[in-house]
Structures are given as structure tokens and as C-alpha cells.
Amino acid sequence: MTKIKIDNPKRDKNFVTGVFSDGIVAGGFLFVSGQASVDFATSRFVLGTIEEETHRTLQNIRSIVEAAGATMNDVVKCTVHLSDIDDFDRYNAVYTQYFPDVKPARTTVQSVLGKGIKVEIDCIAEVPG
């Protein structure tokens, strides 16, 4: 099986994680690693409200999905970790804006997240072609 690494196009090329890829295309699907509210130009977390962090996280995911030649409409599955499940309704209001048509299958759980972040999302998208 062929695997193709996909980087967030905004990622600072001098910063290499070495431990994971932003995304991998394999078998006609894109597997996006857990993303958070990160400024890829500086490789730093940008903390804020659950709404702000959800927007930035989904914008990062969209950048990776588009770099693989897909769109957010091609996302078929998301796994979401919230640091506080009581933020669910506020997070969900933002999440829905990124998937206005058919919503991906989704799991949302409360998790202990590092660095003070409020949300982490990974996803799987079908890559057209």
C-alpha cells in the first residue's frame, strides 16, 4: 500500500514534529491526525474560548483536507475530544458551520488535554480521484 504524507500548508517548514504526520493518504482516504488550535506559522497553541479554538482547529483540518485534494464535504468521520463536556453545545454550534450538509459520523468525548487546549479533532476523508 502506498502512503502519501500531507502537511498543513501553513506549517513552518523548519518545525518538524518527527512523531506524526498531519495527514496520510492511503487506500483512497485521508487520515488526519488530531488537530488543535495551533498557529502553524509559529507552531504554538492559540488558546481562547471553546468557539475560537473550535474554529481554528477546524480551519487547520480544512487546510490539510484541501492540501490532499478533498473538501470538508468529503469528511466521513470525526473523533472529537473536549476538555470539558459542558462546552458541547457551544462547540457543536461552531462544528455545524463546517459541515452544513451531510454531517460526518462522529464520536465526542471528554478527555484530559494537554497545554490548556479545549478541543482536539481528528478525521477521515475520502479523497476524490
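The text that follows walks through the structure, step by step, so that each part is easy to find. This structure is a prediction, so every number in the text was calculated from the model and none was measured.

Observations concerning the overall build of the protein chain
Working step 1: Secondary structure assignment for the protein chain yields two helices and eight strands.
Working step 2: Overall, the protein chain shows an N-to-C arrangement of helices and strands of β-β-β-β-β-α-β-α-β-β.
Working step 3: The C-alpha atoms of the protein chain give a radius of gyration of 14 Å, which matches the 14 Å a tight globule of 129 residues would have.
Working step 4: With respect to the principal axes defined by its C-alpha atoms, the protein chain has extents near 40 × 35 × 20 Å.
Working step 5: Counting over 129 residues, the protein chain shows a buried share of 38%.
Working step 6: Partitioning the contacts of the protein chain with sequence separation of at least 6, the portion at a separation of at least 24 is 70%.
Working step 7: Surface summary for the protein chain: the accessible area is close to 7,000 Å², and the carbon and sulfur share equals 52%.
Working step 8: Here the protein chain contributes 14 positively and 17 negatively charged side chains, and the mean placements of these two sets differ by 5 Å.

Digging into the packing of aromatic side chains
Working step 1: Using the criterion set out here, one finds three aromatic pairs in the structure.
Working step 2: Relative to Tyr 91, the ring of Phe 88 has its centre 5.6 Å away and its plane inclined at 65°; by these criteria the two rings are edge-to-face. Here Phe 88 and its partner Tyr 91 are both found in helix α2 (residues 88–98), three residues apart, which amounts to about one turn of the helix.
Working step 3: Tyr 91 sits in the buried class, given a relative accessible area of 0%.
Working step 4: The structure contains a cluster of three or more aromatic residues connected by ring pairs, namely Phe 88, Tyr 91, Tyr 95 and Phe 99.
Working step 5: The side chain of Arg 106 reaches across the aromatic face of Tyr 95, ending 4.5 Å from its centre.

Some words on the pairing of strand β3 (residues 29–35)
Working step 1: Bridging between strand β2 (residues 23–26) and β3 involves four bridges; their strand directions are antiparallel. Along β3, the bridge assignment pairs Val 25 with Leu 30.
Working step 2: From the end of β2 to the start of β3, which pair antiparallel, there are two residues, and Gly 27 there has a positive phi angle of about 60°.
Working step 3: Where β3 lies against strand β8 (residues 119–126), five bridges are found, and the strand directions are antiparallel. Residue pairing across strands places Phe 29 opposite Glu 126, the latter belonging to β8.

Some thoughts on the sheet that holds β3
Working step 1: Strand order in this open sheet of six strands is β1-β2-β3-β8-β6-β7, and the pairing throughout is mixed. Each edge of the sheet is formed by a strand with only one pairing partner; in this case those strands are β1 (4–6) and β7 (105–110). Between one strand axis and the next, the sheet turns by 15° as a mean value, whatever way the strands run.
Working step 2: Contacts from α2 reach β6 (75–82) and β7, with the element oriented near 150° to β7.

A word on the nonpolar core
Most often, soluble globular proteins keep nonpolar side chains buried together rather than apart.
Working step 1: In terms of nonpolar packing, the biggest core is built from 26 residues, with Leu 30 and Val 65 touching the most fellow members.
Working step 2: If you list the elements that add at least two residues to this core, you get β3, α1 (50–67), β6, α2 and β8.
Working step 3: Here the element with the most residues in this core is α1; it accounts for five residues.
Working step 4: Those residues in contact with Leu 30 that sit more than four places away from it in its chain are Ile 6, Gly 23, Ile 24, Val 25, Ile 64, Val 65, Ala 68, Cys 123, Ile 124, Ala 125 and Val 127.

The rules behind these values
- Residues numbered from 1 in each chain as written.
- Predicted model: local features only at pLDDT ≥ 70, side-chain atom pairs only at ≥ 80, totals over all residues.
- Heavy atoms only, no water.
- Helix = DSSP H or I, 4+ residues; strand = E, 2+ residues; numbered from the N terminus.
- Rg over C-alpha atoms; globule rule 2.2 N^0.38 Å.
- Buried < 20%, exposed > 50% of the residue type's maximum accessible area, 1.4 Å probe, protein only.
- Contact = heavy atoms within 4.5 Å.
- Areas by Shrake-Rupley, 256 points an atom, 1.4 Å probe, with all protein chains shown as cover.
- Lys, Arg positive; Asp, Glu negative; His and termini not counted.
- Charge placed at Lys NZ, Arg CZ, Asp CG, Glu CD.
- Phe/Tyr/Trp six-rings, centres within 6.5 Å; stacked < 30°, edge-to-face > 60°.
- Lys NZ or Arg CZ within 6 Å of the ring centre and 35° of its normal.
- Pairing = 2+ DSSP bridges.
- Axes fitted to C-alpha atoms, helices over the stretch in contact; angles between N-to-C directions.
- Core = buried A, V, L, I, M, F, W, Y, C linked by side-chain atoms within 4.5 Å.

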